[in-house]
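# Architecture at a glance
What follows is each chain in one-letter form.
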Amino acid sequence: MYETLVIETRGPVATVWLNRPEVHNAFNAKVIEELTAAFTRLDADAQVRVVVLAGRGKSFSAGADLNWMKAAGAASFEENLEDARRLARMLWQIAHMGKPTIARVHGAALGGGMGLASACDLCIASQRAVFATSEVRFGIIPSAISPYVIRAIGVRQAKRYFQSAERIDAARAFALGLAHEVVEQEALDAKIEEVVQALLAGGPKAQAAAKELIDAVADRPLSEAVLEDTAQRIARLRATDEAREGLSAFLEKRPAAWVPRP
């Protein structure tokens with residue numbers, strides 16, 4: 001179905017592989033189109049519970065394809081605007097999946113690649129991973145990825161890295177909050193499997209609601225409106241079949257119905 005991606009499904013887990021290893025999985029218009037389509041389809045697939053985003057070859061994603069960037073330099077404002085909108089929509093689609101997403105970062109995650117890692121809910125990185133918002137070195141800015149990167153590392157750190165384009169090694173990425181876990185390269189898939197199993201133990205509707213909850217309350221003052229909103233959200237969920245099943249499973253000391261059987 002795809003020219004630039006490979007999708008592997010194992011039970012309730014789908015892995016989306018960026019499959020342009022010869023150019024370090026760099027972005028172009030086709031990659032953006034196919035990532036948008038793939039994540040839209042997987043979001044609608046009730047059989048898929050967790051989505052892992054990974055890269056073939058030496059890199060996770062080294063950012064924008066140089067040929068694509070050259071073409072953008074010669075394009076009109078209107079053409080560049082449409083390109084930018086498509087990139088922004090793709091990142092939004094990943095960030096607003098109704099199910100958990102994990103970035104598997106094993107090498108370079110530069111520019112848009114760092115944006116992908118930040119747009120995913122979790123980032124599991126190998127010790128060989130390296131990140132950067134390298135755009136200023138090309139005379140541009142990390143505009144489309146900025147909401148996700150700033151959310152991951154904070155405004156103060158973004159002030160530094162958006163302007164300096166310094167490389168961020170895996171240990172620093174962990175300290176910044178960009179990477180949730182950093183492990184040896186050989187242990188990367190085992191760590192992702194561990195996290196996947198933890199995610200599969202949660203109720204799928206509750207996880208989608210948890211993501212919506214974070215977006216609703218993050219960076220908002222603790223007002224009466226926020227208190228009422230959070231009360232409304234938990235009250236609605238308590239009356240669902242999923243919540244009743246979760247409580248019954250806990251009291252009966254058995255796995256809930258949504259937990260995959262071995």
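Refer to the structure presented above.
Just so it is clear, the structure is predicted and the values come from calculations on it, not from any experiment. (Residues numbered from 1 in each chain as written. Predicted model: local features only at pLDDT ≥ 70, side-chain atom pairs only at ≥ 80, totals over all residues. Heavy atoms only, no water.)

The strand order across the open sheet formed by six strands is β1-β2-β3-β4-β6-β9, and the pairing between neighbours is mixed. This sheet does not close on itself; its edge strands, each paired only once, are β1 (5–10) and β9 (181–183). Looking at each pair of strands side by side, their axes are set apart by 20° on average, direction ignored. Set on the sheet, helix α1 (residues 29–44) makes contact with β1, β2 (13–18), β3 (50–55) and β4 (101–105); between it and β2 the angle comes to about 180°. (Pairing = 2+ DSSP bridges. Helix = DSSP H or I, 4+ residues; strand = E, 2+ residues; numbered from the N terminus. Axes fitted to C-alpha atoms, helices over the stretch in contact; angles between N-to-C directions. Contact = heavy atoms within 4.5 Å.)

Bringing the sheet that holds strand β7 (residues 130–132) into the picture now. The mixed open sheet is built from three strands, whose spatial order is β5-β7-β8. Edge positions in the open sheet fall to β5 (108–110) and β8 (168–169), since each of these has one partner strand only. Each of β5, β7 and β8 is contacted by helix α4 (residues 112–119), which is oriented at about 95° to β5, the strand it contacts most.

Before going further, it helps to examine a nonpolar patch on the surface. On the surface, L66, F138 and I140 cluster together into a nonpolar patch covering about 310 Å² of accessible area. With respect to the helices and strands, F138 occurs in the loop between β7 and α5 (146–153). (Patch = residues over 30% accessible without salt bridge, like charges linked within 9 Å, V, L, I, M, F, W, Y side chains within 5 Å. Areas by Shrake-Rupley, 256 points an atom, 1.4 Å probe, with all protein chains shown as cover. Salt bridge = Lys/Arg side-chain N within 4 Å of Asp/Glu carboxyl O.)

A full pass over the atoms with the stated rule returns 17 salt bridges. With a closest N to O distance of 2.6 Å, R244 and D241 form a salt bridge. Here R244 and its partner D241 are both found in helix α11 (residues 241–251), three residues apart, which amounts to about one turn of the helix.

Between the first and last C-alpha of helix α3 (residues 77–95) there are 27 Å, a value that for 19 residues agrees with the 27 Å anticipated at 1.5 Å per step. Burial in α3 covers these residues: D83, L87, M90, L91, Q93, I94 and A95. Where α3 is buried, its residues contact α1, α2 (66–74), β4, α4, α5 and α9 (204–217). (Expected span 1.5 Å × (residues − 1). Buried < 20%, exposed > 50% of the residue type's maximum accessible area, 1.4 Å probe, protein only.)

As a further point, take the pairing of β2. Burial within β2 is extensive, with six of its six residues counted as buried. Of the two faces of β2, the one holding V13, T15 and W17 and the one holding A14, V16 and L18 are both buried throughout. Of the pairings in the sheet, the one linking β1 to β2 comprises six bridges and is antiparallel in character. The partner of R10 across the bridge, within β2, is V13. The pairing of β2 with β3 spans six bridges and is classified as parallel. Among the inter-strand pairings, A14 is bridged to a residue of β3, identified as V51. On the question of chirality, the crossover connecting β2 to the parallel β3 by way of α1 is right-handed. (Right-handed = clockwise from strand over helix to strand, strands pointing away.)

α5 packs onto α4 with a crossing angle of 60° between their chain directions and a minimal axis gap of 8 Å. With respect to their mutual orientation, α4 and α5 come out oblique. The two elements α4 and α5 meet at a crossing, and its hand is left-handed. Along the contact surface, α4 presents M114, G115, S118 and A119, while α5 presents Y148, V149, R151 and A152. Residues that form the contact of α4 with α5 fall into these classes: five nonpolar, two polar and one charged. (Parallel < 35°, antiparallel > 145°, perpendicular 65-115°, else oblique. Left-handed = near helix turned anticlockwise from the far one by under 90°. Nonpolar A, V, L, I, M, F, W, Y, C, P; charged D, E, K, R; others polar.)

The subject of this paragraph is the packing of aromatic side chains. One pass over the full model with this rule turns up zero aromatic pairs. Lying over the aromatic face of W17, R56 brings its terminal NZ or CZ to 4.2 Å of the ring centre. Positioned above the aromatic ring of W92 is the side chain of R89, whose terminal nitrogen or guanidinium carbon lies 5.1 Å from the ring centre. (Phe/Tyr/Trp six-rings, centres within 6.5 Å; stacked < 30°, edge-to-face > 60°. Lys NZ or Arg CZ within 6 Å of the ring centre and 35° of its normal.)

This brings us to the nonpolar core. Counting residues in each nonpolar core, the largest one holds 48 residues, and the members touching the most others are L35, L53, M90, V105, L116 and F131. The element best represented in this core is α1, accounting for six residues. (Core = buried A, V, L, I, M, F, W, Y, C linked by side-chain atoms within 4.5 Å.)

This paragraph deals with unusual backbone geometry. Positive phi outside glycine occurs at H24, with the angle close to 55°. Positive phi values are uncommon outside glycine, yet A165 reaches one of about 60°. Within the fold, A165 resides in the loop between α6 (155–164) and β8.

In short, geometric facts, not functional conclusions.
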